Structure formats: C-alpha cells, structure tokens
Amino acid sequence: MFNKHIRQCRLFFALIFLISAQIAYAAQNPNKEKVLISIQHAPPALIVNENGQHQGMLVEFLKEVALLENWDIEWQVNDWPTTIRLAREKKVDLIPFIAYSKERAEFLDYNIESFITGWGQVYTHQDQEQAENIFDFKDKTIAVVEDEIYAIRFSQLCEQFGVKCNLLEVKDYETAFDMLDKKRVQGAVSGNLVGYSFEAQFNIKRTSILFDPNKVLFASPKGTNSSVLSTLDNYINLWRQDANSPYFAIREKWLGDTQEVHSTLPKWMIYSLIIGLGLLIFSATIVMFLRRQIKIKTADLADQSDQIKQIINLVPHMIYATNANGKIILANRYAADYFGLKIRDFEHIDREQLIKSVPQSSNLFEDEEYLLRKDATPIQKELETSDVDHKDLVLRLSKVPFMSRFSRIPSVVTVGVDITEAKRYERQIQHMAQHDSLTGLPNRLLLNDRINQSLALSMRHGHNGAILFIDLDYFKTINDSLGHIAGDKLLIEVGKRLQKHIREGDTVARLGGDEFIVQLNELADSPEQAEKNALTIAEKINTSIAEQYDIDHQQLFVSASIGIVIYPRDAKTHEQIMQRADTAMYHAKSSGRNRNAIFKRHMEKAVVRRHVLESELRKAVTNAEFFVEYQPQVSGTDNTIVGVEALVRWKHPEEGIIPPSEFIPVAEESSLIIPLGEWVLKQACRQIKLWLDSYGESPFITVNLSVVQIRNSNLVDYLKNLLEINQIPASLLELEVTETLLLSEAKKSIDVLNELKNLGVRLSIDDFGTGFSSLNYLKKLPLDKLKIDRSFVKDIPGDPDSETIIKTIIGMSHDLGLEVIAEGVETQAQLNFLLKENCKYFQGYYFDRPISFEDIQTKYLETSLLSPKQQHKSNDTNDNVVKFVNDKN
C-alpha cells in the first residue's frame, strides 16, 4: 500500500510538471498551433452538433489536450469517405476514432496507444428473426458506411465464407440505421460503441455476429503530424496511471465505467477475506466438499480437453503450437500427416528434430523467435513448402503468439490452410485472362504490359525495339471455304512458326482473328540498325508463313502483310505503337500483300486518304463516274490484234483520273468491287455485242476478277445471264484471275473456275510467277492462258534470274497445253527475247497504251487488223513490231 501511494505521488508531481511546462510554453508562444480535425457523427465518441459545440468522448479528450498543449482546434464535419479523401490529399491534420488497417497505413500514420477497444457489430430490425451467423445474410442487402473499417472487414468476411452479401454503401451511420429502421435493408454494420448509441433512436437489435476487435486510434496524413500523435500517446499513457485523470473522468461520463485502475480495495478481495473467515470455521466440511468438486472439475476438464483435441483434429487445416523451448505442445492430424508422424509422436519430439527429419519444413518455423517477444503481433503470410512425401503445397500461415494464465513461457500457435488448389486455379485463371485460348499465345492484355515494360527500358537505357504487326492475307477465304476448324488449325500452326523466329525475352501474341504481333526487345542501340534487324526477321517470318500447310489432308498456302514500328523512334506509348504498326501493316497490304512495310509519317495520311476514297467511291458507283479503256493483246505469229484487256478508270469530278492502284484495293476491302466488277463485265459484254454487230467479228475482251468476286456466290449466275441477254459467244470473254487469288481461295477457286469454264468463257492466270504455285496445282485448274508478270519482263534481256524464270514459265505452259502472254513489253530487245523463247502473245506500251473503245475501232477494227489477209509486216528485218495502222495512215 505504501509503494502504491509513492507511485501515485510520483504521477501527481509528473503531471504538475507537465502542466507547468505547457503553461510556460504557452506564455512564451502566444500564437496557438492550429490543428484541423475531421470528424463525423459517431456517438458516443464523436457527437456533431449544428451549433458547432461538438461533444463526445474523444471530442472532450482532444479539448483537454488542446488546452494543455495550446492548440487551436478547428473542427471540420465530413462524412467518412470525404475524411478519407482529405487524408489522402493531406488536407486535414488529425482523424479521431479510426481503426488500423494495412491499406490505410499506406497513406496514414497512427498513434500507438488505444483510447478504447471496439469491434464490429451486425444489426437487424426488431421485427426480423434473430440472425445467428453470417450465412443468414446470404443474398440480403446490408447497409455499410463507405470506406469504414468494419464495412471493409465485413465484406472480406462474406468473401472468406463464400457468402454473397449485397453491401449498400452510405455516407454515415445514421443513414444506415435509418434505412434498417424503414426496412429498406435487412441489416446494418457499425462499430459496437456507435451501434449502442443508436439503439434507442431506431427499431434495431444486435445480432450475435461480432467480428474484428480493433483499437480505437488517432491518425494523420502520412509524414505530416507525427508530433501530434506522439503528444496524444503521452497523455493517454500518463492519464491511464492516474485514476483521477481526465481520461477516467471522460470514460466514466460517456461509458459509465471506471475500469483499469482503482484506488480503493477491490471487492473480490473483501469477499475473499469473508470467505476465508468462513473457511476457518467450516474448514473440515469445506475441504471435503472441495476435494469432491476438484475431482468433478478435473474429470470435466479432461472431457473438455478430449473434445477440444477431437475438434482440432476435425479442422481440415494444419494446426500446431510450439513454446520458447522448441517443444511441440499441440498438433492435429493434418500436421501429423504433413510430417509423416502420429499425433502421439509429438509428445517426444521438438522443433529441431522435426526440421531434421523433414528439412523442407524449416520455413514453417520462421519468425517464431520474433513472435516469442512480448511486443510481437500476429503474422499472416503465404508459404510454398512440401510435405514428407515431397508433395508441393502452398499454405496460408497464421502465427499467433500467446501466453497461458499458468505458464510464463510464451508459445506460438500456427494454423496452415492448404490453398494449393486455389493457387493453381488462380494461376490458371490469370493465364486464361492473359493468353489466347486457341493458340496459347499472350493476348492483347499481356502484350500491352510487355510493350510498356520494354518501352520504359528502351527509353531509360537508349535501346530500340520493334513491333511487327502481322495480318494473314485472304485468311477469311480459308475460313469460309474450309470451315473454322481448318482455319483454327492454320492459326495454331502460324503461331508455332512465328515462335521459331524470336529470341528468349521476345513475345509472340495473337490479337484475335488472323492478326499476330511479334515484339522484339533491344534490337540495337541505333534506330537504323534496329530497323535492319527487324526487316531481316520480318523477311524470315514472311518466308516461313508462306510455306505449305498440311491441314486435314489438304495443302494450303497463305501469305502475310507485316507492318513494322521501331520504338521509341516511331512511337512513345503502347497505344501509338499499336496504331502505327497497324497503319504500316495496311500500307503493306495495300501495296500488294505478302510484303513488309516500315512505318513512315506519310502512311497516316494514306490511312486518312483511304477513308476519303471509300466515301467518294460509294458516290462514284451511284453517280457512274467510271469508264473503261482497252489495251491491245498482240499475236507474235501474224502481227494481228487478238484481244484487248478491259481496264476500269475512275474520273473524279474534282480530282480527275484516280489510278486503279489507289482505288481498287479500297473497293476490294469495302466490297464495292462487286457492283463495280459487275458493271465492268456488263460493259465488256455490250462492247463485244456492239463490235459483232458493227464489224461481224470482235477481239476477245479480258476482264480481271477480284478475290471478293470469287467469293460472291452470284458471280456464275450473273455472268450466265449477261451472256444470254447480249447473245454473244462466251469464248469472246476472257476472265483473268491472279495467282495469289487462286492460292488463297484453294478448293473454292477451283469449283468456281470450273463452273465458269462450263459456260464457255476463257480463263487466264495473271501475275504468274509471283506466288507459290506448283505444277500439280496448276493441272487442276481449267486454264487457257498464263500471263508472265511485268516484274520479270522489265529486267530482260540481261538479268539471268528473270530470263530463267521466263524460260521456265514458257516451257511449263507449253507442257500443259496453255497459251502464254507476256505483259509489260516496252522495248524491241524484250520483244526479240520473248519471240526467241517461243512466246506468242504480247501486251505492253511498246504496242499501245490503254485507249478508248473508239480508238480501238479507229486504229484496229476499221483497218481490218483482225483479218489475216490485211496484215502488214515491216520489211525491216531489225523490226518485228506489229504495225497497227495501214500504210495510208
């Protein structure tokens, strides 16, 4: 008792000293320190009054401290979400009545000493049935305060138990309880102290669901007011030791308790003295009675112990406990299975022996030295380990320090929940979210992340990377003709081929459809060298993609158009990189497909130009802005015109003549080529009819067919109808298709060509030698003629490769019984070489440009150059050129 009085005297003098110091400080510092405190209505801790005279347990505590510390408190009334936002923005000095959370600790500093302890309490309406546990709230609506700690913890509790709780967030507690009172929700969540204060105001009742005990603390924006928090801790510590301090007076006023310290003799001690006196009188009787009770209690405790052990063994998680000496004082069946032991074996084994027998378990016992300290707090973490049979496991470990009432040796309880399967599903879901389901390649989401990482590293270290935007040419045709299953198999094979051409650390991704992306990291320090390296890889990829595919016993061919962006030279964000790579790809596609294109600034203008052209093209089809020109095709044997090629031209009302190379690709992509192609076919048939009626004969007219027209199921019927309407021989109409079209259309192209051949029209293959045709494939096609592409003709004579290719094409044509014609003939030397190699038909500027039908009539038909009797050959032995006008002209 004497020591107790001495301690109280010390506390008294310490308090006097502290107050004196603060008075002296206030005298020297008349300017008060302004403290901005954000509060909300949360009785009994914080009671907001409209007149600004706020009350409550923590309000009075802060006023007491402010008086001693010379603080000028400015109260700011906010709802809870606003308070949190202001704290993030560091626009408030102090937040009272707040619980600690790891998430908030990222932007808040907390004091250490708790003013009081609270917990989460769930409420229901007075008329509702009593809720026993969280499962009673399945699919029900519960009102919670937005961003409030118990709202967050309750949401986590629902998620942990797999209960679907519909949480309705409100701004304050009064709104939550008002909604519950009016039965607009089925439950409400708050702290216990706040809830008690509203019980008299609303028709609500407590449930038996209590959760998450928490200390009531003070907080301030991170790194701003640590001195204020330290001051509050000092006063709480000091006043707790003095039963007459404001701390106990405030608690007594608002909570009606005088807990923790009493200056008077405890009642239990008085009762103990009275009982002791009684025991002295009735000692013999009581001793016998107590012995009997001890036996009963001992038996009860033994039963309870057995029940607890049975319950622990039924829990489907690893549970064990160790003390400071390393002894295993508790273990359940799941822990025994992990270590390969029986439960009774733990009575004679310690931590070191367990680690020795199962070395991979050593990480289970980490942090235990820390947890044996008096100031230790529980630890939760995920841990990868393996059991005695080396089965890999992922455990969610919870380690909690405790000390029993009858032992001074601290212990640690460990609970390990096996989340191996959950982690596997989590990884599987994450993989599915970031990868293409068909090819298994990264999808757009993962690709964007990798581009951002690579771009950041490139800009930081001065490297240059590249994006290759790959689009398969005419892939839709394969899907339409062979079905999606064959198309999917082709896409999988393309993905495999792409992966063979990248380095470790690079990425092949599929965006969807027939679009792939190859990301190349750190190609070179200079953009120029990076561009060269990217082009080399792109060429290898194009060659690989173009090789034959064996899909479902069918030989397929496909090419690709590749757009290339060098970053950060060409673009500095992943959005810009992808957009410009797409632009470059479309440039490659519009340039003839099966090629690469490096992004250039002018390409973006070309994209805009394409959109404008498409719009104007639609008007042109309606307004009939097109006309046809004809370029003669000449026989090398008798120097006569044998046919003409119909070439469509567009005369724009403002821009004039727009080249076919510019508007035909746009027409194909927009499907406007169908009405345009039908118009050209109609003009060709009418022209043949006109010439037959006027001259009694007509050269055949060659019309080019697009891949889009081949796909059009009405082509054969439309052409059949045209021939019948105009009553012309079908053999005077020749249809020309490209080699690339035939390869891309595969089986469908053969079927359509056979149907056209049955109508009697002639069939020719254009641009021969630029694709990947095989002799076996050509044999299947009902062709009449092969046309040698101008790209080979322009380099002869003199280029060995072009000469060899031309000789091969001419020889193969003769072997197949096909006519052969060379296009792009512009010089006498080219003509001489082709005549020498037995090429019989020619077309090019050397003979004539594309001209109008009137000029065809004037220059050729009216001079009877169709008739062999009126041929006129030059007597000059050095000139084998056909003269297309008679001597009069």
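Residues numbered from 1 in each chain as written. Predicted model: local features only at pLDDT ≥ 70, side-chain atom pairs only at ≥ 80, totals over all residues. Heavy atoms only, no water.

### Digging into empty space enclosed by the protein
What counts here: The pocket and cavity definitions rest on a 1 Å grid over protein atoms only: a 1.4 Å probe that fits but cannot leave marks a cavity, an open set with protein on both sides within 12 Å along at least five of seven lines marks a pocket, and residues lining either have an atom within 4 Å of a point. Grid points are joined across faces, edges and corners, and a volume is the space filled by probe spheres set on the points. Secondary structure counts use DSSP, requiring at least four H or I residues in a row for a helix and at least two E residues in a row for a strand, with both numbered from the N terminus.
Taken as a whole and judged by the stated rule, the model has three cavities of 30 Å³ or more. The computed volume of the largest cavity comes to approximately 170 Å³. Around the largest cavity sit 17 residues that line it, and Phe97, Ala99, Glu148, Ile149 and Tyr150 are the ones nearest its centre. Going through the elements one at a time, β3 (95-98), α4 (149-160), α6 (192-198) and β9 (204-221) are the ones with two or more residues in the lining of the largest cavity.

### Overview of helix α16 (residues 475-482)
Condition: For every residue, the accessible area (1.4 Å probe, protein chains only) is compared with the maximum for its type, and the residue is labelled buried under 20%, exposed over 50%, or partly exposed between those bounds.
Looking only at α16, the buried set comprises Phe475, Thr477, Ile478 and Asn479. Trailing α16 by a residue or two, Gly483 shows a phi angle of about 100°, which is positive.

### So, the side chain of Asn225
The following threshold applies: Here a polar contact is taken to be a pair of N or O atoms separated by no more than 3.5 Å, where protein atoms must pair a possible hydrogen donor with a possible acceptor and residues adjacent in sequence count only if both atoms sit in side chains. By the convention used here, residues are in contact when the closest approach between their heavy atoms is within 4.5 Å.
One can find Asn225 in the loop between β9 and α7 (226-240). At 3.3 Å, the side chain of Asn225 forms a polar contact with the backbone oxygen of Asp93. Apart from residues no more than four positions distant in its own chain, Asn225 is found in contact with Asp93 and Ser220.

### Points about the nonpolar core
Here is the rule we go by: To define a nonpolar core, start from buried Ala, Val, Leu, Ile, Met, Phe, Trp, Tyr and Cys residues and group those joined through side-chain atoms within 4.5 Å.
Grouped together as the largest cluster of nonpolar side chains are 63 residues, with contacts concentrated most on Phe61, Leu62, Leu94, Phe115, Phe218 and Leu232. Sorting elements by how many residues they give to this core places helix α2 (residues 57-69) first, with eight residues. In this structure, Leu62 is in contact with Ile37, Ile73, Trp75, Leu94, Pro96, Phe218 and Leu232, ignoring residues within four places of it in sequence. Formed by 59 residues, the second largest nonpolar core is a distinct cluster that contains Ala667, Leu763, Leu783 and Leu786.

### Here's the deal with the sheet that holds strand β17 (residues 515-524)
Rules: When DSSP finds two or more bridges between a pair of strands, those strands are recorded as paired. Only the stretch in contact is used when a helix axis is fitted, and all axes are lines through C-alpha atoms; the angle between N-to-C directions ranges over 0 to 180 degrees.
Spatially, β16-β17-β15-β20-β21 is the arrangement adopted by the five strands of the open sheet, whose pairing is mixed. On the outer flanks of this sheet lie β16 (507-512) and β21 (596-598), each paired with one strand and no other. Within the sheet, the average angular offset between the axes of one strand and its neighbour, ignoring direction, is 20°. Where strand β15 (residues 464-472) meets strand β20 (residues 560-567), eight bridges bridge the pair, whose relative direction is antiparallel. Bridging across to β20, Ala466 finds its partner in Ile566.

### Digging into the confidence of the model for the protein
Rules: pLDDT expresses how confident the predictor is about each individual residue, on a scale running from 0 to 100.
Confidence in the prediction of the protein, expressed as mean pLDDT, is 82, and 87% of residues score 70 or more. Across residues 1-29 the pLDDT falls below 50, and counting only partners more than four positions away or on other chains, this stretch makes 16 contacts in the model. Ignoring residues within four places in sequence, the model shows residues 867-889, a span with pLDDT below 50, making 38 contacts including any to other chains.

### So, the state of the cysteines
As used here, a disulfide is simply a covalent bond connecting the sulfur atoms of two cysteines. Under the convention used in this document: Note that a disulfide, as used here, is simply two cysteine sulfur atoms within 2.5 Å.
The full count for this structure, using the stated rule, is one disulfide. Shown here is the disulfide that connects Cys158 with Cys165, its sulfur atoms set 2.5 Å apart. Where Cys158 bonds to Cys165 through sulfur, the torsion about that S-S bond is close to -90°, and the disulfide is left-handed. An identical accessibility class is assigned to Cys158 and Cys165; each is buried.

### Observations concerning the pattern of salt bridges
Where charged atoms from two side chains of opposite charge come close, those side chains can pair. Formally: Here a salt bridge means any side-chain nitrogen of Lys or Arg lying within 4 Å of a carboxyl oxygen belonging to Asp or Glu.
Inspection of the entire model under this criterion finds 38 salt bridges. Across the pair Arg503 and Asp506 runs a salt bridge, and its minimum N-O distance is 2.8 Å. Here Lys787 and Glu736 are joined by a salt bridge, their closest N and O atoms 2.9 Å apart. In this pair, Lys787 sits in strand β28 (residues 785-788) while Glu736 sits in strand β26 (residues 733-738), placing the two residues 51 residues apart along the sequence. On the accessibility criterion, Lys787 (0% relative accessible area) is buried. Look at Glu736 and you get buried, because its relative accessible area is 1%. Among the charged side chains, a salt-bridge network with shared partners connects Glu645, Glu736, Lys787, Arg790 and Glu823.

### Looking at the environment of Phe557
Structurally, Phe557 is set in the loop between β19 (554-556) and β20. With a relative accessible area of 17%, Phe557 lands in the buried category. Separated by 67 residues in sequence, Phe557 and Leu490 place their C-alpha atoms 9.8 Å apart.

### Here's the deal with unusual backbone geometry
What is expected of a backbone is that most residues other than glycine have negative phi and most peptide bonds are trans. Of note, the amide linkage connecting Pro43 to Pro44 takes the cis form, showing an omega dihedral of 0°. Position of Pro44 relative to the elements: it lies in the loop between β1 (33-39) and α2. With an omega of -10°, the peptide bond running from Ile796 to Pro797 counts as cis. If you check the backbone angles, Asp147 has positive phi at about 70° while not being a glycine. With respect to the secondary-structure elements, Asp147 resides in the loop between β6 (141-145) and α4. Look at Asp147 and you get partly exposed, because its relative accessible area is 31%. If you check the backbone angles, Ala624 has positive phi at about 55° while not being a glycine. For Ala624, a relative accessible area of 61% puts it in the exposed group.

### Some remarks on the packing of aromatic side chains
For any pair of aromatic rings, the description consists of the separation of the ring centres together with the inter-plane angle of the planes. The line we're drawing: Think of it this way: a Phe, Tyr or Trp ring, Trp meaning its six-membered ring, pairs with another when their centres are within 6.5 Å, and the plane angle makes it stacked under 30 degrees, edge-to-face over 60, tilted otherwise.
One pass over the full model with this rule turns up 24 aromatic pairs. A ring pair is formed by Phe115 and Tyr247, whose centres lie 5.1 Å apart and whose planes are at 70°; its orientation type is edge-to-face. Here Phe115 is found in the loop between β4 (108-110) and β5 (116-125), whereas its partner Tyr247 is found in helix α8 (residues 246-255), with 132 residues between them in sequence. On the basis of relative accessible area, Phe115 is assigned to the buried category, the value being 1%. With relative accessibility at 0%, the residue Tyr247 sits in the buried group. Measuring from centroid to centroid gives 5.4 Å for Phe177 and Phe198, while their planes differ by 35°, and the two rings are tilted. Placement of the pair is Phe177 in helix α5 (residues 173-181) and Phe198 in helix α6, with a sequence separation of 21 residues.

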